[in-house]
Amino acid sequence: MVKKDKSTAVSEEILLEMYKRIYATRRFELTCVDLYRQGFIRGYFHPYLGEEAIAAGACTAIEADDYIISTHRGHGHCVSKGADLKLMIAEIMGKSTGLCKGRGGSMHISCKEDNNLGANGIVGGGIPIGTGAGMGIKIRGTAQVVVNFFSDGASNNGVFAESINLASIYRLPVIFMLENNHYAVGTKVEYSAGDCHLAGRGPAYGVPGICVDGNDAVAVYEATREAAERARAGKGATLIEANTYRHGGHHVNDPGLYMDQELLKEWKARDPMILLKDKIENTAALEEIEQSIDSELEEAVAFAKNSPEPDVEEFLQSVINA
Amino acid sequence: MSEIMYREALNRALAEEMRRDPLVFIMGEGIAEFGGTYKVTDGLWKEFGLERVIDTPIAEASFTGMAVGAALVGARPVIEHLFVDFTLLAMDQIVNQAAKYNFMSGGQGTVPMVMRTQGGAGNGLAAQHSQSLEAFFYHIPGLKVIMPSSPYDACGLLKTAIRDDDPVVFIEHKLLYMTTGEVPDEEYTLPIGKADVKKEGKDVTLVTYSYMTLKCLEAAEALEKEGISVEVVDLRTLTPFDRETVLASARKTGRVIVVHEACKRGGIGGDIASMIMEEAYDDLDGPVMRIAGKNTSIPYNLNIEKVCVPSAEEIIEGVLTMV
């Protein structure tokens, strides 16, 4: 198990690309929190606040035609994979113009065009599916890879063990991206995991496991690039444990009072957005990104608010004789 | 026409579809060189190689989920669960993932996978290897459920299932594998969602499927000698359900019995009986009856196992109470 924490030179173009993704995710999630408090979003959603660098770094490291699959905390991956923010907000608001026509919502948001196989409401539910996407790639004979995002919570589920073993024996082009944010709702990873070095679960099945700082977008980017190269070279899967911390509770209505406040302060002092911003000298470019995202979001919210709800009669007709 | 075994008919369907479409591949425990526990996949690895005839470790939940993922990116997986009893290990991937993906994504992603398995009692394999669990899958929107009773139906329906863009649960029966029947030599397919009247009659309708179709035909033959004309409707597909054929038969005879091996309680017979009574009440001479498996786990001893599921005698008795 190799600990990677050194930063090599990555071009400013790449840094700006990642910053765009992180900033967009951050603003997107905060916008969703506002919309929720104002009653425009119903149900729950699970903000990716504080974890943005993992999706941003990973998605920047892969090609547009590579696949991802994610978790119930799936907005960040969806944004970073390039989804149209208008269609995302419309979906989260349940409108018929949403990515999934208002059928899926926050926990099942997906975008076929972006090769984003989607968020998943079952913890660990996406892990076998992402693994299977790797098998599908092999059958089709292309050089694509899959980034299979899941959580520390999911890594204790049976399907994780099965899937990483399957990826190992079949040498599948799957990058197992374990987002260790140290909590499964309110249960600490120190409680749930017999051995907290989760990256060590890879070698147990013949898959290299590495640990990275999940708040360092560059570190995530480099680790993902290396894993993708391995995969495309036919060398199979990699397990990347990316360490991070939620900036809030489990979902938008959970104040997270059980979280260690000292630890939270420490992690917030290493805000992934600021860590990356500090690496970028081109302040004009940064400003441009921020302004562009801010106005895109404003338009997206207006679009979603003005979009129609799904037609109830139409829906009933489609299911009444099913 | 040739007379072949049910398991050979399935083997043929798999081979034909794998020749036709290089994206079709099969996965399951012991299906490659071992040829499968019931020999359905026998020899396929020789023609298609181990890249398309793939043995799996004992990881039901995840190889089922893998089929969902492979299907979503454009391959066409046909997976095998040795026993329907083991599909329970994969229920999240079948029910929460495969069945719902297309719906939840607003139609963005079809899941063209086939999950083959087999069930049923009669071999002394006891409680965990002898169940009939189709009611679980029948109940879930988004799944198609097929249960063929003959080599002809098995071959034609498996081919169509593989070409279908939705997830299909294809349940065979362990006592059917060695039964024989005629199949055309030329390639053919059969439509999903169409029942088949295996025997025409005018006095009583038996609505049935899978192995019980054979028991119903046995009973019908015996009853014919008593001057009672029984119509046997083999559903073939449980869902989408062929209301037209079933209701037409119900209206014709006015007397219906649903026969299935699965436990009576919560078996699909209740749903079918209700539906017929709701829609054809005025044409019925009496309530729709059910002859089904006893509400028990299947025991090991062969004699007590036998009485757990309907026999030809029980079906004959049932028909006699109606005429």
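See the structure above.
Keep in mind that what you see is a predicted model, and the values were worked out from it rather than measured. Within any chain, residue numbers begin from 1 and follow the written order of that chain's sequence. Here every chain gets a letter starting at A, and every ligand a number starting at 1, in the order they are written. In view of the model being predicted, local features appear only for residues whose pLDDT reaches at least 70, and side-chain atom pairs are presented and counted only at 80 or more, with totals across whole chains, interfaces and linings using the full set of residues.

Student: How should the nonpolar core be read in this particular structure?
Tutor: Grouped burial of nonpolar side chains is what soluble globular proteins tend to show. By size, the foremost hydrophobic cluster in this structure holds 187 residues, and its most contacted members are A:Met88, A:Ala133, A:Ile175, A:Met177, A:Val220 and A:Ile240. The contact partners of A:Met177, leaving out residues within four places of it in the chain, are A:Ile54, A:Ala58, A:Val147, A:Asn148, A:Phe149, A:Ile240 and A:Ala242. The nonpolar core is taken to be a set of buried Ala, Val, Leu, Ile, Met, Phe, Trp, Tyr and Cys residues joined by way of C-beta atoms within 7 Å. Counting other C-beta atoms within 10 Å of a residue's own tells you its class, since 20 or more makes it buried, 12 or fewer makes it exposed, and anything in between is partly exposed; those C-beta atoms are placed from the backbone. For the purpose of contact definition, each residue receives a C-beta atom placed from its backbone, and two residues are in contact when these atoms lie within 7 Å.

Student: I would appreciate a short explanation of the packing of helix 9 (residues 243–253) of chain B against helix 10 (residues 268–280) of chain B in the present structure.
Tutor: Helix-helix packing: each pair is described by the crossing angle between the helix axes and the interaxial distance. Residue and element names in this part refer to chain B. Contact pair helix 9 / helix 10: the axes reach a minimum separation of 10 Å and the direction vectors enclose 65 degrees. Here the hand of the crossing between helix 9 and helix 10 comes out right-handed. In contact with Val246, Leu247, Ala250 and Arg251 of helix 9, helix 10 contributes Ile276, Glu279 and Ala280. Ten residue types, Ala, Val, Leu, Ile, Met, Phe, Trp, Tyr, Cys and Pro, are classed as nonpolar, four, Asp, Glu, Lys and Arg, as charged, and the remainder, Gly among them, as polar. For the contact of helix 9 with helix 10, the per-class residue count stands at five nonpolar, no polar and two charged. To obtain an axis, a line is fitted to C-alpha atoms, over the contacting stretch when the element is a helix, and the angle between two such axes runs from 0 to 180 degrees between their N-to-C directions. Put simply, DSSP H or I for four residues or longer makes a helix, DSSP E for two residues or longer makes a strand, and each gets a number counted from the N terminus. In this scheme the crossing of two helices becomes right-handed for a clockwise turn of the near helix relative to the far one and left-handed for an anticlockwise turn of less than a right angle.

Student: Quick question: what am I supposed to make of the interface of chain A and chain B here?
Tutor: Put simply, an interface is often sized by how much accessible area is lost when its parts join up. Facing the 32 residues of chain A at the interface are 29 residues of chain B. Among the elements of the structure, helix 5 (126–140) and helix 6 (158–169) of chain A are those that each provide at least two residues to the side of chain A that touches chain B. Broken down by element, the residue count for the side of chain A that touches chain B peaks at 11 residues, all from helix 5 of chain A. Broken down by class, the residue content of the side of chain A that touches chain B amounts to 15 nonpolar, 12 polar and five charged.

Student: Got a minute to help me understand the pairing of strand 13 (residues 256–263) of chain B in this structure?
Tutor: The side chains of a regular strand alternate between both faces of the sheet. All names here are of chain B. Taken across its eight residues, strand 13 has eight buried, putting it largely inside the fold. In this sheet, strand 13 lies alongside strand 10 (residues 204–208) in parallel orientation, the contact comprising four bridges. In the strand pairing of strand 13, Val207 is matched with Val258. One bridge is not enough; two strands pair if DSSP finds at least two bridges between them.

Student: Is there a simple way to think about helix 5 of chain A in this case?
Tutor: Spacing of three or four residues puts side chains on the same side of an α-helix, whose turn is 3.6 residues. All names here are of chain A. Here, expected helix span is obtained from the residue count minus one, scaled by 1.5 Å. If you check helix 5, its first and last C-alpha atoms are 21 Å apart, about what 15 residues at 1.5 Å a residue would give, namely 21 Å. Helix 5 sits mainly inside the fold: 14 of its 15 residues count as buried. Two residues or fewer after helix 5 comes Gly141, characterised by a positive phi angle close to 75 degrees.

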